[in-house]
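Structural characterization, general
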Amino acid sequence: MTGDRVWSGRFSTAPAGAAHALGSSLRFDVRLASQDVEASIAHVRALEDVGLLSAEDAKSLEAALADVGHEIAEGRLGFDERDEDVHSAIERAVTDRLGELGARLHAGRSRNDLVITDLRLWLMAAGRAIERETVGLIRVLVEHARGHAGDPLPGMTHGRAAQPVTLGHHLLAHASGLARDLERLEGWSSRASTSPLGAGAIATSTLGLDPDMTAARLGFHRAFANSIDAVSDRDVVQEFLAVAAILATHVSRLAADLLRWTDPSLGWAELDEAYSTGSSMMPHKRNPDTAELARAKAARIAGDFATVTALLQGLPLGYHRDLQEDKEPVLDAADTLERVLPALTGAVRTVRFDTEAMRAACEDEGLYATDLAEALVKSGVPFREAHRRTGALLKGLAERGSALRELGSEEWAAFGVPHGRTLLDPDRSIAARSGPGGPSRASVEHQAEMLEAFLDARPIQP
Ligand code: ARG
């Protein structure tokens, strides 16, 4: 007994239980149910357009599809062993309701064009939600940056004190990367907006359906240009994952800075209790789990990208069941981002910066060594010589357990920078680096303005 599968005609036995268990995708692709209904309704209209369905039959099919969609959404639709994926389940449920009329639904389409139509619709909605969350995170960073445009902070290279920057400057560095992620999401979404419906199994159909009309009905910007490409490629999934992996990497690096800054041994910031957790054993602990998980989830999304990339490499064109394996990783990546972004945004929104501790850390004299060398350059000394002379000064001071702040005016004059003492000051050092893109208050405020204008121009807002 084959059961009434959508393909049972040339079979005399049903699939083995183990084969069905391996092949069934319903447990995860049921999440595409509302997109499958939407795509199916557009297909019903295409069939009506060419006269293969009467207006009345088309209406009945649409109503049955909508009804099945509601039942799935409410968890009321009973699935059975014939349902190997959401597409066959919906067609089966419609046919259970309408009999002979349901059997007309699948003319001129295949699950091959349907599945990737559904997935594009689903991913485009997920992409919009992720864009919205990303805009929200950037806005929080820009707000903090505006409030701290002039607060000094040791800029780090190799994780060690390098040159003074401002907290605003540093926060906008994170915002800048996220802004490029937004552009990448937008670029992806405009390429994703291609409808595969009408490509059929591989070669369109003989029924005269109009894919452009179907694309327009579904809100896609265009229909497929090549039916083999339409059903075979998954670069839309791979590119989504690449963009997601880069975005998650930026989020991870922001989380890493938060973790370092809120390390009590540094004490530059404190996470709000609402984004911290306690220890089951050690009563004193306040742990930064939200930031740690935001840091860690990037690995998982990179793994999702790697899975789909490996899946596609070497796969000849045409639909293969291998392609069913694209869904779990891409749904996982979207879900993960939709959980990580609001949590980290909340942690950043509520973090308390200790600007006094940051300023105190700017007492590290090494932060001003480059300014001293540049002061020599401004008086005509070649940079290599200025670098060597400043390095030698610091070496001598270290050897005798002294410091730049202890130098007298004669020693500064001998060094060649009579006003050297005044350069050991974070505010002065930062103000002196007033060029575009730099740490000065004016520059940070300009950067914030540019980012705000960039955000205001986006079509999707939180
Ligand atoms: N569940 C399948 C997938 O996710 C749908 C397409 C099945 N097509 C086929 N010819 N078996 O890819």
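Residues numbered from 1 in each chain as written. Predicted model: local features only at pLDDT ≥ 70, side-chain atom pairs only at ≥ 80, totals over all residues. Heavy atoms only, no water.

A few words now on the overall build of the chain. Within the chain one finds 18 helices and six strands. In terms of overall size, the chain is more extended than a compact globule, its C-alpha atoms giving a radius of gyration of 30 Å where 462 residues would be expected to give roughly 23 Å. Along the first, second and third principal axes, the C-alpha set of the chain runs to 100 × 55 × 40 Å. Sorting the 462 residues of the chain into buried and exposed places 49% on the buried side. Of the contacts made within the chain by residues no fewer than 6 positions apart, 75% connect residues no fewer than 24 positions apart. (Helix = DSSP H or I, 4+ residues; strand = E, 2+ residues; numbered from the N terminus. Rg over C-alpha atoms; globule rule 2.2 N^0.38 Å. Buried < 20%, exposed > 50% of the residue type's maximum accessible area, 1.4 Å probe, protein only. Contact = heavy atoms within 4.5 Å.)

Within helix H14 (residues 369–378) the residues assigned to the buried category are Ala369, Asp371, Leu372, Ala373, Ala375 and Leu376. Summarising the contacts, the buried residues of H14 are in contact with strand S2 (160–166), helix H15 (383–399), helix H16 (409–415) and helix H17 (426–432).

Our next topic: the pairing of S2. Two elements, strand S1 (residues 152–157) and S2, share six bridges in a ladder whose sense is antiparallel. Bridged to Met156 within S2 is Ala161. (Pairing = 2+ DSSP bridges.)

This part covers the site of the ligand. Every residue lining the ligand is accounted for by Ser25, Asp29, Asp85, His87, Arg111, Asn112, Val115, Tyr319, Arg321, Gln324 and Lys327. Side-chain polar atom of Asp85 to a nitrogen atom of the ligand: 3.0 Å apart, as the coordinates give it. Side-chain polar atom of Gln324 to a nitrogen atom of the ligand: 2.8 Å apart, as the coordinates give it. Element by element, the count of residues in the shell around the ligand is highest for helix H6 (residues 111–147), at three residues. Grouping the constituent residues of the shell around the ligand by class yields two nonpolar, four polar and five charged. (Near = heavy atom within 4 Å. Polar contact = N/O pair within 3.5 Å; in protein donor to acceptor, adjacent residues only side chain to side chain. Nonpolar A, V, L, I, M, F, W, Y, C, P; charged D, E, K, R; others polar.)

Another aspect to go through is the packing of helix H3 (residues 33–49) against helix H4 (residues 55–73). Interhelical geometry of H3 versus H4 gives an angle of 175 degrees and a closest axis separation of 9 Å. For the element pair H3 / H4, the angle class is roughly antiparallel. Seen from H3, the contacting residues are Ala33, Val37, Ser40, Ile41, Val44, Arg45 and Glu48; seen from H4, they are Ala55, Ala58, Leu61, Glu62, Leu65, Ala66, Gly69 and Ile72. Broken down by class, the residue content of the contact of H3 with H4 amounts to 10 nonpolar, two polar and three charged. (Axes fitted to C-alpha atoms, helices over the stretch in contact; angles between N-to-C directions. Parallel < 35°, antiparallel > 145°, perpendicular 65-115°, else oblique.)

Applying the stated criterion to the full structure yields three aromatic pairs. Between the aromatic rings of Trp412 and Phe415, the centroid separation amounts to 6.2 Å while the plane-to-plane angle is 75 degrees, which identifies the pairing as edge-to-face. With Trp412 and Phe415 both in helix H16 and three residues apart, the pair spans about one turn of that helix. Taking NZ or CZ as reference, Arg10 lies 6.0 Å from the ring centre of Phe11, over its face. Positioned over the ring face of Phe454 is Arg458, at 4.0 Å from the centre of the ring. (Phe/Tyr/Trp six-rings, centres within 6.5 Å; stacked < 30°, edge-to-face > 60°. Lys NZ or Arg CZ within 6 Å of the ring centre and 35° of its normal.)

Ranked by size, the top nonpolar core spans 104 residues in total, and within it Ile90, Val251 and Trp261 carry the most contacts. Here this core gets 16 residues from one element, more than from any other, and that element is H6. Every residue in contact with Ile90, bar those within four places of it in the chain, is listed here: Ala33, Asp36, Val37, Leu65, Val68 and Ile72. (Core = buried A, V, L, I, M, F, W, Y, C linked by side-chain atoms within 4.5 Å.)

Locating Ser429 in the fold gives a position in helix H17. Distance from Ser429 to Leu367, taken between C-alpha atoms, is 9.2 Å for residues 62 residues apart in sequence. Apart from residues no more than four positions distant in its own chain, Ser429 is found in contact with Pro164, Tyr368 and Asp371.

This part covers the pattern of salt bridges. Under the criterion given, the structure shown has 35 salt bridges. For the salt bridge of Arg146 with Glu452, the shortest nitrogen-to-oxygen distance reads 2.8 Å. Within this pair, whereas Arg146 is found in helix H6, its partner Glu452 is found in helix H18 (residues 441–456), the two being separated by 306 residues in sequence. For the salt bridge of Asp272 with Arg352, the shortest nitrogen-to-oxygen distance reads 3.2 Å. Note that Asp272 is positioned in the loop between strand S5 (269–270) and helix H11 (289–312) and Arg352 in strand S6 (residues 352–353), a separation of 80 residues in sequence. Classification of Arg352 as partly exposed rests on a relative accessible area of 39%. In the salt-bridge network here, residues are joined through shared partners; they are Asp67, Glu71, Glu74, Arg76 and Arg97. (Salt bridge = Lys/Arg side-chain N within 4 Å of Asp/Glu carboxyl O.)

It is worth spelling out the environment of Gly159 at this point. By the secondary structure assignment, Gly159 is in the loop between S1 and S2. Separated by 136 residues in sequence, Gly159 and Gly23 have C-alpha atoms that sit 49 Å apart.

Below, the discussion takes up unusual backbone geometry. Negative phi values dominate among residues other than glycine, just as trans dominates among peptide bonds. Of note in this structure, His158 is not a glycine but carries a positive phi near 55 degrees. Within the fold, His158 resides in the loop between S1 and S2. Using a relative accessible area of 74% as the deciding quantity, one classes His158 as exposed. One non-glycine residue, Thr204, lies in the positive phi region at around 60 degrees. If you trace the backbone, Thr204 turns up in the loop between strand S3 (194–195) and helix H8 (211–217). According to the relative accessible area criterion, Thr204 is partly exposed, its value standing at 40%.

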